[in-house]
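Descriptive structure summary
The residues making up each chain are set out below.
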Amino acid sequence: MADTTVIRACDVLNQALPPGSPPLSDNEISEDCQTCGEVSLSSCSVRQAVETTYSCGKCGNPLLIIGATNPDGKPWPGRGYRLKDFAVRNAVDLRFRGMIIPRSPAALDISRKG
Ligand SMILES: [Zn+2]
């Protein structure tokens, strides 16, 4: 079965909200691009492959990756946050609804260190 569904950040971050909260949308989520300052997730370019990558719409820096959790199930310190079946790997701070998810220093790493 071809998987053409784009996994949107809002769908995954929804799961971080208290039960009964109204659904989140990407335009409520902002990120602190190190080059451009605060940018809305809805202004980012989105590339869907195995993972969903959000890049800054102005400078092209990768800001956020929504991917599957590590296949081996082992924690990968600093790489991101696990929400149910997905890993949220934010290279920059994420803000939505008064919450802040601090950046993951290893968000863009391809292989585990050490
Ligand atoms: Zn930028």
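Scroll up to find the structure.
Here goes a summary of the coordinates provided. (Residues numbered from 1 in each chain as written. Predicted model: local features only at pLDDT ≥ 70, side-chain atom pairs only at ≥ 80, totals over all residues.)

Focus on the overall build of the chain
- Across its full length, the chain holds 1 helix and 9 strands.
- Scanning the chain from its N terminus toward the C terminus, one meets helices and strands in the order α-β-β-β-β-β-β-β-β-β.
- Against the 2.2 N^0.38 benchmark of 13 Å for 114 residues, the chain shows a C-alpha radius of gyration of 14 Å, consistent with a compact globule.
- For the chain, with 114 residues in total, the buried portion stands at 28%.
- Across the chain, every contact between residues at least 6 apart in sequence was considered, and the portion connecting residues at least 24 apart equals 40%. (Helix = DSSP H or I, 4+ residues; strand = E, 2+ residues; numbered from the N terminus. Rg over C-alpha atoms; globule rule 2.2 N^0.38 Å. Buried ≥ 20, exposed ≤ 12 C-beta atoms within 10 Å, placed from the backbone. Contact = placed C-beta atoms within 7 Å.)

Looking at the nonpolar core
- Ranked by internal contacts, the top residues of the largest apolar core, which has 23 residues, are A9, L13, I29, L63, L64 and I66.
- Breaking this core down by element, the ones donating at least two residues are α1 (9-13), β5 (62-68), β7 (86-90) and β8 (94-96).
- With 4 residues, the top contributor of residues to this core is β5.
- Those residues within four positions of L63 in sequence are excluded, and the remaining contacts are E31, C33, C44, Y54, S55, C56, N90, A91 and V92. (Core = buried A, V, L, I, M, F, W, Y, C linked by C-beta atoms within 7 Å.)

Quick word on unusual backbone geometry
- A positive phi angle, close to 55°, is found at K84, a residue other than glycine.
- For K84, the location among the structural elements is in the loop between β6 (81-83) and β7.
- The class for K84 is exposed, based on 9 C-beta atoms found within 10 Å.
- If you check the backbone angles, R97 has positive phi at about 50° while not being a glycine.
- Classification of R97 as partly exposed rests on a count of 13 C-beta atoms within 10 Å.

Re the pairing of β5
- Sheet analysis places strand β4 (residues 52-55) next to β5, joined by 4 bridges and oriented antiparallel. When the bridges of β5 are listed, Y54 appears paired with L64.
- Remark: 6 residues form the turn of the hairpin made by β4 and β5, two consecutive strands paired antiparallel; G60 in that turn has positive phi of roughly 85°.
- Relative to β7, β5 runs antiparallel, the two being bridged by 5 bridges. Of the residues in β7, the one forming a bridge with A68 is F86. (Pairing = 2+ DSSP bridges.)

Structural notes on the environment of S43
- When you line up the elements, S43 lands in the loop between β2 (37-40) and β3 (45-48).
- Looking at S43, the number of C-beta atoms within 10 Å reads 15, which means it is partly exposed.
- In this structure the C-alpha to C-alpha distance between S43 and K58, which are 15 residues apart in sequence, comes to 8.6 Å.

By themselves these figures say nothing about function.
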